[in-house]
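Geometric and topological summary
Spelled out from the first residue to the last, the chains are:
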Amino acid sequence: MVRTPLTPWERQRGERLGALLRRARGERSMVAVAAAAGLSAETLRKIETGRAPTPAFFTVAALAGTLGLSLDELADVCGEVADDGEEPMSA
């Protein structure tokens, strides 16, 4: 299956998610946070750096729970309008 390329907005959203997770993680090690969320450290690293900009919902939910973030907060930060003012088209 060929994956559709991500839009600039989707890439920006992934970068915002990664930045939020890094801030929330603070001084905690990536390995400890990933383990507590039931993920590999490599998966967390990819999400935090934007290399995995569209992680699965349950992955995001596990990280949010581990880091004490609400899903509403994640949605607010990650759903912001793109820098160029464009929003994604509705599905």
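Below you will find a few notes about this structure. (Residues numbered from 1 in each chain as written. Predicted model: local features only at pLDDT ≥ 70, side-chain atom pairs only at ≥ 80, totals over all residues. Heavy atoms only, no water.)

1. Some words on the layout of surface pockets
The computed volume of the largest pocket comes to approximately 270 Å³. In terms of lining, the largest pocket is formed by 13 residues, of which the most central are Arg13, Leu17, Pro55, Val60 and Cys78. Looking at the lining of the largest pocket, the elements that each hand over two or more residues are α1 (8–25), α4 (57–67) and α5 (71–78). It is α5 that provides the largest number of residues to the lining of the largest pocket, a total of 4 residues. Along the lines of polarity and charge, the residues of the lining of the largest pocket split into 9 nonpolar, 3 polar and 1 charged. (1 Å grid on protein atoms, 1.4 Å probe; cavity = no way out; pocket = protein on both sides within 12 Å on 5 of 7 lines; lining within 4 Å. Points joined across faces, edges and corners; volume = space filled by probe spheres on them. Helix = DSSP H or I, 4+ residues; strand = E, 2+ residues; numbered from the N terminus. Nonpolar A, V, L, I, M, F, W, Y, C, P; charged D, E, K, R; others polar.)

2. What about the nonpolar core?
Proteins that are soluble and globular tend to have nonpolar side chains buried together. Among the nonpolar cores identified, the biggest contains 19 residues, and Leu17, Leu21, Leu44, Leu63, Leu69 and Leu74 are the most heavily contacted of them. Of all the secondary-structure elements, those providing two or more residues to this core are α1, α2 (30–37), α3 (41–49), α4 and α5. Discounting chain neighbours no more than four positions away, the residues touching Leu63 are Leu21, Val33, Ala37, Leu39, Leu44 and Ile47. (Core = buried A, V, L, I, M, F, W, Y, C linked by side-chain atoms within 4.5 Å. Buried < 20%, exposed > 50% of the residue type's maximum accessible area, 1.4 Å probe, protein only. Contact = heavy atoms within 4.5 Å.)

Such coordinate-based values are descriptive only and should not be taken to indicate function.
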